[in-house]
Every structure is written in structure tokens, then in C-alpha cells.
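These are the residues of each chain, in order.
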Amino acid sequence: MNPQTPDVRPVAFNCEGVLLHGMLHEGAPAAKTGVLVIVGGPQYRVGSHRQFVLLGRALAERGYPVLRFDYRGLGDSDGEPRTFETIDADIRAAIDALARLRPGLERVILWGLCDAASAALFYGATDNRIAGMVLLNPWVRSQQTVAQAYLRTYYARRIFDREAWRELFRGSKNPLAVLGSFANLLRQAAGRGAPRNDAPGATAAPTNGPLVERMRAGFAAFKGPILIVLSGDDITAAEFVGATANTNWSGLLGQPRVSRCELDAADHTFSSRAWRDQVATWTGEWLQRNWPHTPPT
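Just so it is clear, the model here is predicted, and its values are computed rather than measured. (Residues numbered from 1 in each chain as written. Predicted model: local features only at pLDDT ≥ 70, side-chain atom pairs only at ≥ 80, totals over all residues. Heavy atoms only, no water.)

1. Looking at the overall build of the protein chain
What the protein chain contains, in helices and strands, is 10 helices and 8 strands. Here the protein chain holds 297 residues, and the buried ones make up 50% of them. A separation of at least 24 residues holds for 74% of the contacts in the protein chain among residues at least 6 apart in sequence. Total accessible area on the protein chain stands at roughly 13,900 Å², and carbon and sulfur atoms take up 53% of it. (Helix = DSSP H or I, 4+ residues; strand = E, 2+ residues; numbered from the N terminus. Buried < 20%, exposed > 50% of the residue type's maximum accessible area, 1.4 Å probe, protein only. Contact = heavy atoms within 4.5 Å. Areas by Shrake-Rupley, 256 points an atom, 1.4 Å probe, with all protein chains shown as cover.)

2. With respect to the side chain of Gln43
Residue position: Gln43 is located in the loop between β3 (33-38) and α1 (51-61). For Gln43, the side chain forms a polar contact with the main-chain nitrogen of Ser48, separated by 3.0 Å. For Gln43, the residues in contact, after removing those within four places along its chain, are Ser48, Phe52, Leu74 and Leu113. (Polar contact = N/O pair within 3.5 Å; in protein donor to acceptor, adjacent residues only side chain to side chain.)

3. Section: the pattern of salt bridges
Oppositely charged side chains are able to pair whenever their charged atoms sit close together. Counted by the stated rule, this structure contains 14 salt bridges. Its salt-bridge partner being Arg92, residue Asp127 comes within 3.6 Å of it at the nearest N-O pair. Of this pair, Asp127 sits in the loop between α3 (115-124) and β6 (130-136) while Arg92 sits in helix α2 (residues 88-101), and the two are 35 residues apart along the sequence. You can call Asp127 buried: its relative accessible area is 5%. Accessibility expressed as a relative area gives 33% for Arg92, which makes it partly exposed. Across the salt bridge formed by Glu213 and Arg216, the nearest N and O atoms sit 3.2 Å from each other. On the criterion of helical spacing, the pair formed by Glu213 and Arg216 is a turn pair, its members being 3 residues apart in helix α7 (residues 211-221). Classification of Glu213 as partly exposed rests on a relative accessible area of 29%. The partly exposed category is assigned to Arg216, whose relative accessible area is 23%. One salt-bridge network, in which partners are shared between bridges, spans Arg92, Asp96, Asp127 and Arg129. (Salt bridge = Lys/Arg side-chain N within 4 Å of Asp/Glu carboxyl O.)

4. Some thoughts on helix α10 (residues 273-290)
For α10, spanning 18 residues, the distance from its first C-alpha to its last is 26 Å, which sits close to the expected 26 Å at 1.5 Å a residue. Within α10, burial applies to Arg276, Val279, Ala280, Trp282, Thr283, Gly284, Trp286 and Leu287. (Expected span 1.5 Å × (residues − 1).)

5. Notes on the pairing of strand β4 (residues 66-70)
Here β4 lies mainly inside the structure; 5 of its 5 residues are buried. As paired elements, β3 and β4 share 3 bridges and run parallel to each other. What sits directly across from Val37, in β4, is Arg68. Chirality of the crossover, the property in question, places the unit of β3, α1 and β4 among those that are right-handed. (Pairing = 2+ DSSP bridges. Right-handed = clockwise from strand over helix to strand, strands pointing away.)

Structure representation (C-alpha cells):
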């Protein structure tokens, strides 16, 4: 480990009688802004390809304390498994813990990937300690959104792919099966299918209206700065782009408080070191623009 890497220590705290575990990257002693990394999907606080560890180190080197934690039923934390739509109490408990560990903090930034970004949108406006949010490839999944995304990305590319047409005419693929799959996607894209708002790996999730509309309501209710990071090679990001390409969202996404960065070649979990470093750099620069931290001289 680099001797200049800021200190990190394990922490444990209570959420409704259940013990949760996390890791705190200390950052600068005089820091006023802290970051809470919410874990999404069937991951835990290290993150895919150790992204959350590397992010915590990078932001702490800039002076920002970072807490990454496992909510109930995930990783090392106790409790029954739950979905991203039922972790408000876990997020609040983590913020309470961060405030106790670092009493000089004045504000907290929520950072989440996939359904953790959706969880951040549900929670953000309910807690006045939250000053901003970083949302990576937010999860808006339904049969309609995924069908529309496949039509815009996969099929749009394949229609101009000579090799795909050669395979079809050579008989290596069943034309009727291809047409049937395409027709089914068209029906789902038009909304002729039961919505599916469950998170990746989840067995059930409460549904009170379309997921994307509930996320829009959370986005509108929260008034602080938001950074959106999207991967170019990711169906979840493509779904988000498609689902928010309407007047209900355009007025929100076009506000000056919203920043947007795109990594054209990146996959959903930013699996290369270059992509993870770029995300950490964008996050750090966005934090510095909005809540500058000047290390003591």
C-alpha cells in the first residue's frame, strides 16, 4: 500500500436492532463534506473490481471522508436480505454513524451505482444532511425500458451488420425465431407487457407506480447538485437514457445543478482500471467544484 494512502478503519453501527459493518476512509481532519457509498445489487462494500475501495482512497486523498457499508442482509452485515427500495433506514443509520465518527462534517454526498443510485434518489430529499448525489448507471428496469434499449442499441447496430445478414441467409440462425424475438421486443417496447421493477438479484420489491416515475419524483424533490455518470456499453445506462428522454425528465436533467459525464466504451461496472480511475477523478473534481476542500498548509 502507498504510504501516502489516507487511513481507513472498520466501523460497526446499529440499524433497527441489526448490526451493520462498513469501512471509513478518514480523509482530512477538518473536512466539512463526507461521502456515503451505497452498495447496489448483490455486491458488498468492496464493489465490483474493488471499485469502492479505490474510490474511497481517491476521494480521501483529496480530503473527503468516505464511508462504504453493507446494508442489512448484505456482505458482513446482519439481517434479512432486502431490496434497494427498502433501505432508507440503513442509509439513515449510516449517515448517523458518519456524523458520530466525524462530528465536524456539515454535509453528506450520496454515491451509488445501478440500483444504489435509485435508492439514493428515493432517500435524498428526506434528509437535510444530504447536499448532493453521484448517480452511476441508475436502474430503471421494466420490460418496456429494456426492450426499448435493446431496439436502440443491439438491433440498431445489427441491422447494418453485414455478417449478421450473412448468418441469417446462410441458415445459421432461424429467420422465424429472429423475427419472433424482434416482434416480441416491439410489443414490450410499446408497453404491452407486465412491468418488472425488481432489482438485479432481488426476489421481490414493492411497486407503487412505475419505477422511473418514482425516481423522477425523488429527483425533482431533491434540490442539490447531482452528477450523473453513464457507461456507453451498458444496457442499464441505455435504459436510463431512453426512459428519461421525455418532457417529464428533460426539464430536470437540463437544470444547471445537474452535471453529466459519459464513458463511451465502459461497461456497467467499470471493469477496467482506467474507467474506475476516470469515475473517481470526475467525482473528485465535481466535489471540489461544489464543496472545495483546501488542505491545511
